[in-house]
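The residues making up each chain are set out below.
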There are 2 protein chains.
Amino acid sequence: MHLTSERRLDDDVLERGFTLGDVPGLLWTSASASAEAPLVLLGHPGGLDRMYPRIAARARDTVAAGFAAATLELPGSGDRPRIPAVEEARAELRRAVTAGEPVGDDVVDRLVLPLVDRAVPEWRAALDALLPLPGIGGPVGFAGGVTAVGVRLAAVEPRIAAALLFAGSYVPRASFDEARRVTVPLLVLLQWDDEGNDRQMALDLFDALGSAEKTLHANTGGHTGIPHFEGDAGNRFFARHLR
Amino acid sequence: MHLTSERRLDDDVLERGFTLGDVPGLLWTSASASAEAPLVLLGHPGGLDRMYPRIAARARDTVAAGFAAATLELPGSGDRPRIPAVEEARAELRRAVTAGEPVGDDVVDRLVLPLVDRAVPEWRAALDALLPLPGIGGPVGFAGGVTAVGVRLAAVEPRIAAALLFAGSYVPRASFDEARRVTVPLLVLLQWDDEGNDRQMALDLFDALGSAEKTLHANTGGHTGIPHFEGDAGNRFFARHLR
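Criteria and thresholds
- Residues numbered from 1 in each chain as written.
- Chains lettered and ligands numbered in written order.
- Predicted model: local features only at pLDDT ≥ 70, side-chain atom pairs only at ≥ 80, totals over all residues.
- Helix = DSSP H or I, 4+ residues; strand = E, 2+ residues; numbered from the N terminus.
- Rg over C-alpha atoms; globule rule 2.2 N^0.38 Å.
- Buried ≥ 20, exposed ≤ 12 C-beta atoms within 10 Å, placed from the backbone.
- Contact = placed C-beta atoms within 7 Å.
- Core = buried A, V, L, I, M, F, W, Y, C linked by C-beta atoms within 7 Å.
- Nonpolar A, V, L, I, M, F, W, Y, C, P; charged D, E, K, R; others polar.
- Pairing = 2+ DSSP bridges.
- Least-squares fit on C-alpha atoms with pLDDT ≥ 70 in both.
- Right-handed = clockwise from strand over helix to strand, strands pointing away.
- Axes fitted to C-alpha atoms, helices over the stretch in contact; angles between N-to-C directions.
- Parallel < 35°, antiparallel > 145°, perpendicular 65-115°, else oblique.
- Left-handed = near helix turned anticlockwise from the far one by under 90°.
- Arc of directions from axis to C-beta.
- pLDDT = per-residue confidence, 0-100.

Bringing the overall build of chain A into the picture now. Assigned secondary structure in chain A consists of seven helices and nine strands. Taken against the 2.2 N^0.38 rule, which gives 18 Å for 243 residues, the C-alpha radius of gyration of chain A at 17 Å falls within 12% of a compact globule. Summarising its shape, the C-alpha atoms of chain A cover approximately 55 × 40 × 30 Å along the three principal directions. Across the 243 residues that make up chain A, the buried fraction comes to 40%. The contacts in chain A between residues at least 6 apart in sequence include a share of 66% that link residues at least 24 apart.

See below:
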């Protein structure tokens, strides 16, 4: 891991840019805390530059709640090289959505599964690199981002002790089988009126998740309308399970 | 309203028994707070004596969070005179459940609607009697109990500013129409694995509720397995809307 930047944000948060191989990432920690803080990995839909304001706001809330936070650029997004098969599937999906046609399962598989296959080992490698850093320690949480990435990571990575998943659309069929193997405590967020989302599929995914302790928070509103109080709820969820 | 008892619980909570006409009730307030506290009405399925340990625990958490709390005995429950038509419907429902047969809509209507028709005016009269008391003031919340009572009360009583509903079964068809007329902020709790509950009906009821701000919290576990952290979530919900 190579540090590429370091700056102090105005609220006692230290933001460090890094690369892990050719994957860019960001790490946020308290500039003043002396004790080790559990790490929460912040997922996102790809495109760190474009997503920066929203993800940095989540990171600052996360650090203010007593955690460290980190994220990685997704494969094929931002400045990373495009993945031709994924770009092709994305174009097919856009054509279908624009035409008001249903999106086929095979398109979803070709769009999402290559991302999951690449991203999950990268997030696991990030844990190898980040957990030995001073000030970071203990169990790890994963919050948000591409649903199928969160499901796979929660299913296969034993250092993930709790996960907050956004119930998004375009979840590959294979993710439902993986969901049954997840056992860590879960908080799943669902925007009830998200027009781009298949509500029943989201409820089916919640039902499929194997964890004995899982909670669904469904709120009125569209895709980007998650109420601010859910940020606090997420931090309380991680406080229960990572401390 | 006549006070029938008064005692100090061991945690700075004053518990007063009262009757309102022939309806017994309980009121819990802080024994030491000087400011006026918003009132949260605590619903329950009927039988105050039997329910006392659970409802008193909820009341003490509610008072500790800065509210006053009150409850009434339901019509036909506890020491109140039985309602023959309701008892008959209850017996029919038990026969159907024991036999593993579906419970007909008409049985639900005959069991629940007479309770709603009687209970809602009683809860409204309780507000008339309780709100002028010293130490109680501001908007009112309603939490839990018979779903159809909460829906009707939230729909017709303008002093109710926020409601926490338990998504129970045996909701009359008429309650779905009343649900569309509810406009106050709502928190709806659903036990995902409640065998006596119709999960799809609970989700349909959540969908039908007319409020612009509504949140569903679904948790793994059976009917009585609501996690303790939902008590805190309920108090935070009321703090957002009653303060």
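The next subject is the nonpolar core. Membership of the largest hydrophobic core comes to 136 residues, with the highest contact counts inside it found for Ala70 of chain A together with Ala70 of chain B. With sequence-adjacent residues up to four places away left out, Ala70 of chain A is seen in contact with Gly25, Leu26, Leu27, Leu39, Leu41, Leu42, Ala126 and Leu130 of chain A.

Taken residue by residue, the interface counts eleven residues in chain A and eleven residues in chain B. Per-element tally for the side of chain A that touches chain B: the top contributor is strand β9 (residues 214-219) of chain A, with six residues. A class-by-class count of the residues in the side of chain A that touches chain B yields four nonpolar, four polar and three charged. Bridge analysis of β9 of chain A against strand β9 (residues 214-219) of chain B gives five bridges, and the strand direction is antiparallel. Counted as the bridge partner of Ala218 of chain A is Leu216 of chain B from β9 of chain B.

Here we take up the relation of the copies chain A and chain B. For the pair chain A and chain B, the best superposition has an RMSD of 0.0 Å and corresponds to a rotation of 180° with a translation of 0.0 Å parallel to the axis. Viewed as a symmetry operation, the transformation between the two copies matches a two-fold axis. Of the C-alpha atoms belonging to chain A, the one lying closest to the rotation axis is found on His217 of chain A, 2.4 Å away. Residue by residue, 100% of the interface of chain A is reproduced at the interface of chain B, so both copies engage with the same surface.

Turning our attention to the pairing of strand β6 (residues 136-144) of chain B. All names here are of chain B. Of the pairings in the sheet, the one linking strand β4 (residues 37-43) to β6 comprises six bridges and is parallel in character. In the strand pairing of β6, Leu41 is matched with Phe142. As judged from the four bridges shared by β6 and strand β7 (residues 160-166), these two strands associate in the parallel manner. By the bridge assignment for β7, Gly141 is matched with Ala162. One crossover worth recording links β6 to the parallel β7 by way of helix α4 (residues 147-156), and it is right-handed.

Residues and elements named next belong to chain B. Relative orientation of the contacting elements helix α3 (residues 105-130) and α4 amounts to 45°, with a least axis distance of 9 Å. When the axes of α3 and α4 are compared, the pair comes out oblique. In this structure, α3 crosses over α4, and the sense of that crossing is right-handed. Residues Val112, Leu115, Val116, Ala119, Val120 and Trp123 of α3 form the contact with α4, whose own contacting residues are Ala148, Val149, Arg152, Leu153 and Val156. When grouped by side-chain class, the residues that make up the contact of α3 with α4 number ten nonpolar, no polar and one charged.

This brings us to the environment of Gly145 of chain A. Residues and elements named next belong to chain A. Along the chain, Gly145 falls in the loop between β6 (136-144) and α4 (147-156). A tally of 26 C-beta atoms within 10 Å means that Gly145 is categorised as buried. For the pair Gly145 and Leu165, spaced 20 residues apart in sequence, the C-alpha separation works out to 7.4 Å. For Gly145, the residues in contact, after removing those within four places along its chain, are Gly43, His44, Pro45 and Gly150.

Let us now look at the environment of Arg181 of chain A. Residue and element names in this part refer to chain A. Position of Arg181 relative to the elements: it lies in the loop between α5 (173-180) and β8 (186-191). A residue is classified by how many C-beta atoms lie within 10 Å of it, and Arg181, with 14 of them, is partly exposed. In sequence terms Arg181 and Gly234 are 53 residues apart; their C-alpha atoms lie 22 Å from each other. In this structure Arg181 touches Ala155 and Gly210, once residues within four positions along its chain are discounted.

Residues and elements named next belong to chain A. Among the seven residues of strand β4 (residues 37-43), seven are classified as buried, and the element is accordingly described as predominantly covered. As judged from the three bridges shared by β4 and strand β5 (residues 68-72), these two strands associate in the parallel manner. Counterpart to Leu41 in the pairing with β5 is Ala70. Where the polypeptide runs from β4 across helix α1 (residues 48-64) and back to β5, its parallel neighbour, the crossover connection is right-handed.

This brings us to the environment of Leu41 of chain B. Residues and elements named next belong to chain B. Looking at where Leu41 falls in the secondary structure, it is placed in strand β4. Taking the C-alpha atoms as reference points, Leu41 and Ala126, separated by 85 residues in sequence, lie 9.5 Å from one another. Apart from the residues within four sequence positions on either side, Leu41 is in contact with Ala70, Thr71, Trp123, Val140, Gly141, Phe142 and Ala143.

This brings us to helix α5 (residues 173-180) of chain B. Since the α-helix packs 3.6 residues into each turn, any two residues three or four apart lie on the same face. Residue and element names in this part refer to chain B. Those residues of α5 lying buried are Ser175, Glu178 and Ala179. What you see down the axis of α5 is that its buried residues fit within an arc of 105°, all on one side. Away from its buried face, by an angle of more than 90 degrees, α5 presents the exposed residues Arg173 and Asp177.

This part is about helix α6 (residues 199-208) of chain A. All names here are of chain A. Three or more residues of α6 are buried, namely Ala202, Leu203, Leu205 and Phe206. The buried residues of α6 occupy an angular sector of 155° when projected down its axis, which confines them to one face. In this fold, the buried residues of α6 make contact with α5, β8 and β9.

Looking now at the confidence of the model for chain A. Mean pLDDT over chain A: 95, with 100% of residues reaching 70 or higher. Interface predicted TM-score (ipTM) for the complex: 0.87; the corresponding pTM is 0.91.

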